[in-house]
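One-letter residues, chain by chain:
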Amino acid sequence: MTADFDWVADAMAKTVPWVSTAGIEFVELERQRVVCSLRDVPEQRNHVGGPHAAVMFGLAETASGAVTLAAFTPLLERATPLVARSEIAYRKLALGDLTTEAVLGREIEEVRAELDGGTRPEFPVHCTIRDGEHNTTGEMTVYWTLRPNDS
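These remarks concern the structure in this document. (Residues numbered from 1 in each chain as written. Predicted model: local features only at pLDDT ≥ 70, side-chain atom pairs only at ≥ 80, totals over all residues. Heavy atoms only, no water.)

This part takes up the environment of V83. When you line up the elements, V83 lands in strand β3 (residues 79-90). Judged by relative accessible area, V83 falls into the partly exposed class, the value being 34%. Taking the C-alpha atoms as reference points, V83 and V35, separated by 48 residues in sequence, lie 19 Å from one another. When neighbours within four sequence positions are excluded, V83 is seen to be in contact with E61, V142, Y143 and W144. (Helix = DSSP H or I, 4+ residues; strand = E, 2+ residues; numbered from the N terminus. Buried < 20%, exposed > 50% of the residue type's maximum accessible area, 1.4 Å probe, protein only. Contact = heavy atoms within 4.5 Å.)

Okay, structure coming up:
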C-alpha cells in the first residue's frame with residue numbers, strides 16, 4: 001500500500017461497517033486506483049460454489065468508494081460522495097478468493113471544476129473483478145456524485 005493513502009482503509013472500515021464484517025482487505029491504495037481483496041468463505045458462496053453475486057458487487061462497490069475517498073479528500077468538507085448508479089456484468093464463474101481493481105474514470109480537476117462551478121459532478125469508477133486464478137469474472141462501473149453539503 002502507498003503510505004500516503006493508508007488512512008483510506010481505516011476510514012472505510014470505520015465508516016462502512018460492512019467492510020470489516022465481510023473481511024475486505026485493501027491491497028493497493030493510490031489516488032486514482034485501488035485494489036481490494038476478499039477471501040473465499042463458504043458462507044458467502046452461491047448455489048454453484050462461487051462467491052455470491054452480492055459479494056462480488058459489494059467488493060467492487062467498496063473499492064470504488066475507496067478510490068472516491070482517496071481522489072476527492074480535499075473536497076469532502078464541502079461535498080458528500082454518493083453512488084448515483086451502478087452497472088455490473090458477470091463474465092465468468094468466480095472461484096476462490098476475489099480481487100477488484102477500481103480506477104477513477106475522470107480527471108480529478110474536471111470533477112473539482114464542476115463542483116466549483118455549482119454543478120453536482122458525476123464520475124465513473126471502473127472495476128475489474130478477478131478470481132483466484134486472475135481470470136476476469138466481472139466488470140462493474142459505479143457512477144458517483146459529489147453532493148454539495150449545503151443542498
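Next, the rest of the story.
Right, let's get into the packing of aromatic side chains. Going through the model one piece at a time under the given rule, you end up with 1 aromatic pair. The ring centre of Y143 lies 4.1 Å from the NZ or CZ of R85, which sits over that ring. (Phe/Tyr/Trp six-rings, centres within 6.5 Å; stacked < 30°, edge-to-face > 60°. Lys NZ or Arg CZ within 6 Å of the ring centre and 35° of its normal.)

The subject of this paragraph is the sheet that holds β3. The 6 strands lie next to each other as β1-β2-β4-β5-β6-β3, forming an open sheet whose pairing is antiparallel. Because the sheet does not close on itself, it has two edges, and the strands there are β1 (25-29) and β3. Going across the sheet, the axis of each strand differs from the next one's by a mean of 20°, ignoring polarity. Across the sheet, helix α3 (residues 53-72) touches β1, β2 (33-38), β3, β4 (98-104), β5 (122-130) and β6 (136-148), and the angle it forms with β4 is around 35°. In the packing of helix α4 (residues 108-116) onto the sheet, the strands contacted are β3, β4, β5 and β6, and the crossing angle to β6 comes to about 30°. (Pairing = 2+ DSSP bridges. Axes fitted to C-alpha atoms, helices over the stretch in contact; angles between N-to-C directions.)

Geometric values such as these leave the question of function open.
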